[in-house]
Amino acid sequence: MPKGYWVTIYRKINDPAKLAKYAEMAPKATTPFGCKYIARGTAANAYEAGLKDRVVISEFPSVEKANEAYNSPGYQEALKALGDGAERDVRIVAGLE
């Protein structure tokens, strides 16, 4: 079964305090689902569209676990804490292996 990945692109950070609260809560909510953060930060280089947005890539044992984590009560509470603190694009994709 291939691993699942969350790919999160932060388009805009509106409230750093709300983002900090989310960043405190989200790992606690996703760890029980096997989440491992494998990349986090602003792009070192940007090609083609040239967008250097903040990116977070989270690895899960499967797409199913990634979806379960996203829909879990704990993660939904983290999202409430984030609220309008950031504009993001979150995608869940399957790994190739």
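Each remark here, short or long, concerns the structure printed above.
Residues numbered from 1 in each chain as written. Predicted model: local features only at pLDDT ≥ 70, side-chain atom pairs only at ≥ 80, totals over all residues. Heavy atoms only, no water.

Our next topic: the overall build of the protein chain. Secondary structure summary: the protein chain contains three helices and four strands in total. In terms of C-alpha radius of gyration, the protein chain reaches 13 Å, essentially the compact-globule figure of 13 Å for 97 residues. Over its C-alpha atoms, taken along the principal directions, the protein chain stretches across nearly 35 × 30 × 15 Å. Relative to its full complement of 97 residues, the protein chain shows a buried share of 32%. (Helix = DSSP H or I, 4+ residues; strand = E, 2+ residues; numbered from the N terminus. Rg over C-alpha atoms; globule rule 2.2 N^0.38 Å. Buried < 20%, exposed > 50% of the residue type's maximum accessible area, 1.4 Å probe, protein only.)

Right, let's talk about the pattern of salt bridges for a bit. Going through the model one piece at a time under the given rule, you end up with eight salt bridges. When the shortest N-O distance is used, the salt bridge between Asp 53 and Arg 11 registers 3.0 Å. Remark: Arg 11 occurs in strand S1 (residues 4-13) and Asp 53 occurs in the loop between strand S2 (36-42) and strand S3 (54-60); sequence separation between them is 42 residues. A relative accessible area of 18% places Asp 53 in the buried class. Between Glu 68 and Lys 65 there is a salt bridge whose closest N-O contact spans 3.6 Å. Of this pair, Glu 68 and Lys 65 both sit in helix H2 (residues 63-71), separated by three residues, roughly a single helical turn. Linked through salt bridges whose partners overlap, the residues forming this network are Arg 11, Asp 53, Asp 89 and Arg 91. (Salt bridge = Lys/Arg side-chain N within 4 Å of Asp/Glu carboxyl O.)

What follows deals with the packing of aromatic side chains. Tallied over the entire structure, the rule returns five aromatic pairs. With a centroid separation of 5.7 Å and an interplanar angle of 75 degrees, the aromatic rings of Trp 6 and Tyr 70 are classed as edge-to-face. Of the two residues, Trp 6 is situated in strand S1 and Tyr 70 in helix H2; the sequence distance between them amounts to 64 residues. With a centroid separation of 5.2 Å and 50 degrees between ring planes, the pair formed by Tyr 70 and Tyr 75 is classed as tilted. Since its relative accessible area comes to 0%, Tyr 75 is described here as buried. (Phe/Tyr/Trp six-rings, centres within 6.5 Å; stacked < 30°, edge-to-face > 60°.)

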